[in-house]
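Structure at a glance
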Amino acid sequence: MLELYHHGSSVCAAKVRFALAEKGLKWEGHYVDILKGDQFDPKYMKLNAKAVVPTLVHDGLVLVESTVINEYIDEVFPARPLKSDVAKDRAAMRLWTKAVDENLHPACGEITFSCCHRHILRRLPQPEFEAFLNSTPPISVTPRWHARKKEIVLLGFGAPNMAATFQLYDNYLQKMEDSLASSPWLVGGTFSLADIAMAPYVNRLDMLGMSEMWTENRPHVTDWF
């Protein structure tokens, strides 16, 4: 049995739902409202100490980290493979998924909170608002996410280094454009976990009304999306 703890606005949860859908797998969902603080429930944090989603439970085995979860799903359910059988293409795929985890995901979190989530959180009563900000574990999305999230929720686009965050995102869109110039997919000419990893992050910009970052001058990303 597959159980997924997830939330609609989580790009990482979207990655796992995407992989499950591509595999045609049935799963039971547990909705964790990360904008109300459900992720800080001690029962949930026993499953995921970082207090983030997604968490996948497969026949009692608890799995965290969306990139790890997706590789697990692809190996345990080998039908409709999402990784190439060519070693160099698998390595290239993992460079994309590693870049998402290390660089693009923190940037996406900063942009999402500065554009959208900070306004939702501001509607909470003051005690709940302060409790939410203080409940993030010291090490979560990044080693300093606890402090950085407070900064962004309070200051929005005025938070330090937000221009660099947008520039990083723009650089990855250009890397995508360059890779897609010679192939319809990011790696090796076939759809893979690299495409699944990147898709929610491009979609997040679209949801935030920022699709001009690729629609105006990146035709290959436009076609891919």
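The structure we're discussing is the one just above.
Residues numbered from 1 in each chain as written. Predicted model: local features only at pLDDT ≥ 70, side-chain atom pairs only at ≥ 80, totals over all residues. Heavy atoms only, no water.

The next subject is the overall build of the protein chain. Of regular secondary structure, the protein chain possesses ten helices and four strands. Its helices and strands taken in sequence order, the protein chain reads β-α-β-α-β-β-α-α-α-α-α-α-α-α from the N to the C terminus. Whereas a compact globule of 225 residues would reach a radius of gyration of roughly 17 Å, the protein chain reaches 18 Å, a difference of no more than 12%. Of all intrachain contacts in the protein chain linking residues separated by at least 6 positions in sequence, the fraction that spans at least 24 positions is 66%. Summing over all exposed atoms, the protein chain offers an accessible surface of approximately 10,900 Å²; the carbon and sulfur share of this is 57%. Of the side chains in the protein chain, 24 bear a positive and 27 a negative charge, and the two mean positions are spaced by 4 Å. (Helix = DSSP H or I, 4+ residues; strand = E, 2+ residues; numbered from the N terminus. Rg over C-alpha atoms; globule rule 2.2 N^0.38 Å. Contact = heavy atoms within 4.5 Å. Areas by Shrake-Rupley, 256 points an atom, 1.4 Å probe, with all protein chains shown as cover. Lys, Arg positive; Asp, Glu negative; His and termini not counted. Charge placed at Lys NZ, Arg CZ, Asp CG, Glu CD.)

All right, on to the pairing of strand S2 (residues 28-31) then. Strand direction decides the pairing type here: strand S1 (residues 2-6) and S2, joined by four bridges, are parallel. Each residue of the ladder has a partner; that of Leu-4, found in S2, is Gly-29. (Pairing = 2+ DSSP bridges.)

Moving on, we come to the environment of Glu-130. Along the chain, the position of Glu-130 falls in helix H5 (residues 126-135). Judged by its relative accessible area of 41%, Glu-130 is partly exposed. The spacing of Glu-130 and Lys-150 is 20 residues in sequence and 9.5 Å in space, taken between C-alpha atoms. (Buried < 20%, exposed > 50% of the residue type's maximum accessible area, 1.4 Å probe, protein only.)

Across the chain, the bulk of peptide bonds are trans and the bulk of non-glycine residues have phi less than zero. A cis amide bond links Val-53 with the next residue in sequence, Pro-54, at an omega value of 10 degrees. With respect to the helices, strands and loops of the structure, Pro-54 is situated in the loop between helix H2 (42-47) and strand S3 (55-58). Its identity is not glycine, yet Ala-51 carries a phi of approximately 60 degrees, on the positive side. You can see Ala-51 is positioned in the loop between H2 and S3.

For the pair helix H1 (residues 11-23) and helix H8 (residues 193-207), interaxial distance at closest approach is 9 Å and the crossing angle is 130 degrees. Comparing their axes, H8 and H1 come out oblique. In the packing of H1 onto H8, the handedness of the crossing is right-handed. Within the contact between the two elements, H1 uses Val-11, Cys-12, Ala-14, Lys-15, Phe-18, Ala-19 and Glu-22 and H8 uses Ile-196, Ala-197, Ala-199, Pro-200, Tyr-201 and Arg-204. Here the residues of the contact of H1 with H8 sort into ten nonpolar, no polar and three charged. (Axes fitted to C-alpha atoms, helices over the stretch in contact; angles between N-to-C directions. Parallel < 35°, antiparallel > 145°, perpendicular 65-115°, else oblique. Left-handed = near helix turned anticlockwise from the far one by under 90°. Nonpolar A, V, L, I, M, F, W, Y, C, P; charged D, E, K, R; others polar.)

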